[in-house]
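Take a look at the letters that make up each chain.
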Amino acid sequence: AGAVSCDNTLRRAARRAALSRSRGRGKYELKINENYKNLSESYLFSTIAKKVAVYTQQHPEQEIIRLGIGDVTLPLAAPVVDALHAAVEEMGKKETFHGYGPEQGYGFLKQALMRYYARRGVVLAENEIFVGDGAKSDIGNILDLFDVDNTVLVPDPVYPVYVDTNVMAGRRIVYAAATRENGFLPMPQADVQADLIYLCSPNNPTGAAYSRDQLQAWVDYANERGAVLLFDAAYESFITDGDVPHSIYELPGARTCAIEFRSFSKKAGFTGLRLGFTVVPKDLMCGDVQVRSLWARRHGTKFNGAPYIEQRAGEAVYSEEGSRQVMEQVAYYKRNAMVIYEGLKEAGHTVFGGINSPYIWLKVEDGMDSWEFFDYLLEQANVVGTPGSGFWPSGEGYFRLTAFGTYENTVEAVSNLF
Ligand code: MLT
């Protein structure tokens, strides 16, 4: 009892001190980043999660099938789990314990990644690879290197992170409409000047993927203009078509204009582990400044490296058996994509994507807008998807479904749908 009363006395004193501090705050005129006021109220997937939470509270008896956010459902592959266990054991022994690691990532993982790229004819140096905690973070963090006066080009519809992170910085954004007419793959326009250009192929949300010639046109355009391509290859492992490059560096000229982002989330189910990497080639220069050295400098100051145990797990993804098992998981999700794609097509709907991608892009019929269709699906079929307009205006009239559910749920969702 003595301890409790003592505790309360301390808490009361702390509260009094905080209160008197907060009374004085006004006179310091702390300024927030006003750009945050230009963001939508909440991040797309948080808005969806809130809507679903309200619905499930009101209808606790309904089983909801979640095909909204692209979160995986299969557990980690056995070689990945074994690598995690082994690394944990190492961390528990004096002789094999690891403290701070190299902030750009361990050599063993970078060597495995270099071997993977080499099989596609892409030669990377170890210090061009930066291991991080996922593509989303790096896609946001890379903007530290570029002046706020640069103009940014994003496709529309777009993965919201590209827009939000630039809005936060107050950068000017121009949009390249990805429409049914251009196969959801906008191409460079001579009259549009942009300094930073985001490309995502295979694309989130539309599932479309650039061919070799199309990507080459972007590389040439960026080199001519002195622009930088921010190439998001998070869905690379879903590529089926031989003519779709897996890495931007398969294209001549890309080393002088492109940064590539990769994720372990969709390839190997690391959404809950967090691991990714970014490639910044030494040949990418802005004037006489090497962009790679700026990113290395930023990494050194703001990041202490991804956890050792996760990097060991990442290495296992690229081992022979690890690759075989993760590609089996990708094949499982690709089968789901086909279940959705074919099911909707047979029911007379207009669908895109799903072939080189875990995302199916469905045309909303019946004069509903995409949020109305979201409510309709949730209420009538108990299926959660993502409204196209959540990915910016050209997404209106479309709806995204993900193939990352379980096979059984995917089959059920399609049969509930129509
Ligand atoms: C998505 O659903 O668009 C992705 O899962 C989000 C992400 O990768 O951050």
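All values reported here derive from a predicted model rather than from experimental measurement.

Student: Can you walk me through the sheet that holds strand 15 (residues 398-402) in this structure?
Tutor: Strands belonging to one sheet form pairs held by backbone hydrogen bonds; the direction of such a pair is parallel or antiparallel. The strand order 11-12-15-14 describes an open sheet built from four strands, whose pairing is antiparallel. In this open sheet, the two strands that pair with only one neighbour each are strand 11 (351-353) and strand 14 (386-387). Pairing analysis gives three bridges linking strand 11 to strand 12 (residues 359-363), with the strands arranged antiparallel. In the strand pairing of strand 12, Phe352 is matched with Trp361. Helix 12 (residues 370-381) rests against strand 12, strand 14 and strand 15 of the sheet, and its axis sits at about 45° to strand 15.

Student: Where do I start with empty space enclosed by the protein in this structure?
Tutor: Picture a little ball the size of a water molecule; that probe, rolled over the atoms, points out where space is still empty. Scanning all chains against the criterion turns up two cavities of 30 Å³ or more. In terms of lining residues, the largest cavity is bounded by Pro155, Pro157, Ala178, Phe184, Leu185, Pro186, Leu199, Cys200, Asn203 and Tyr210. Its residues assigned to classes, the lining of the largest cavity shows nine nonpolar, one polar and no charged. What the second largest cavity holds in volume is close to 40 Å³. Around the second largest cavity, the lining residues are Ala233, Ala234, Glu236, Arg262, Ser263, Lys267, Phe277 and Tyr318.

Student: Looking at this model, I keep getting lost on the site of the ligand. Mind explaining?
Tutor: The ligand sits among Phe45, Ile69, Gly70, Tyr159, Asn204, Tyr235, Lys266, Tyr359 and Arg400. Interatomic distance of 2.7 Å between a backbone N/O atom of Gly70 and an oxygen atom of the ligand. In the model, an oxygen atom of the ligand is placed 2.7 Å from a nitrogen or oxygen of the Arg400 side chain. When isolated, the ligand has an accessible area of 270 Å², and the protein chains bury 85% of it. A molecule is said to occupy a pocket when more than half its atoms come within 2 Å of that pocket's grid points, and by this definition the ligand occupies the largest pocket.

Student: I would appreciate a short explanation of the packing of helix 3 (residues 78-91) against helix 10 (residues 308-317) in the present structure.
Tutor: Helix-helix packing is described using two parameters, namely the angle between the two axes and the distance between the axes. The geometry of helix 3 relative to helix 10 is characterised by a closest axis approach of 8 Å and an angle of 150° between their N-to-C directions. Considering the angle they form, helix 3 stands roughly antiparallel to helix 10. Viewed along their axes, helix 3 and helix 10 form a crossing whose handedness is right-handed. Counted together, Pro79, Val80, Ala83, Leu84, Ala87, Val88, Glu90 and Met91 of helix 3 and Tyr308, Ile309, Arg312, Ala313, Ala316 and Val317 of helix 10 form the full contact between these two elements. Taken together, the residues that form the contact of helix 3 with helix 10 break down as twelve nonpolar, no polar and two charged.

Conventions and cut-offs
- Residues numbered from 1 in each chain as written.
- Predicted model: local features only at pLDDT ≥ 70, side-chain atom pairs only at ≥ 80, totals over all residues.
- Heavy atoms only, no water.
- Pairing = 2+ DSSP bridges.
- Helix = DSSP H or I, 4+ residues; strand = E, 2+ residues; numbered from the N terminus.
- Contact = heavy atoms within 4.5 Å.
- Axes fitted to C-alpha atoms, helices over the stretch in contact; angles between N-to-C directions.
- 1 Å grid on protein atoms, 1.4 Å probe; cavity = no way out; pocket = protein on both sides within 12 Å on 5 of 7 lines; lining within 4 Å.
- Points joined across faces, edges and corners; volume = space filled by probe spheres on them.
- Nonpolar A, V, L, I, M, F, W, Y, C, P; charged D, E, K, R; others polar.
- Near = heavy atom within 4 Å.
- Polar contact = N/O pair within 3.5 Å; in protein donor to acceptor, adjacent residues only side chain to side chain.
- Areas by Shrake-Rupley, 256 points an atom, 1.4 Å probe, with all protein chains shown as cover.
- Sits in = over half its atoms within 2 Å of the grid points.
- Parallel < 35°, antiparallel > 145°, perpendicular 65-115°, else oblique.
- Left-handed = near helix turned anticlockwise from the far one by under 90°.

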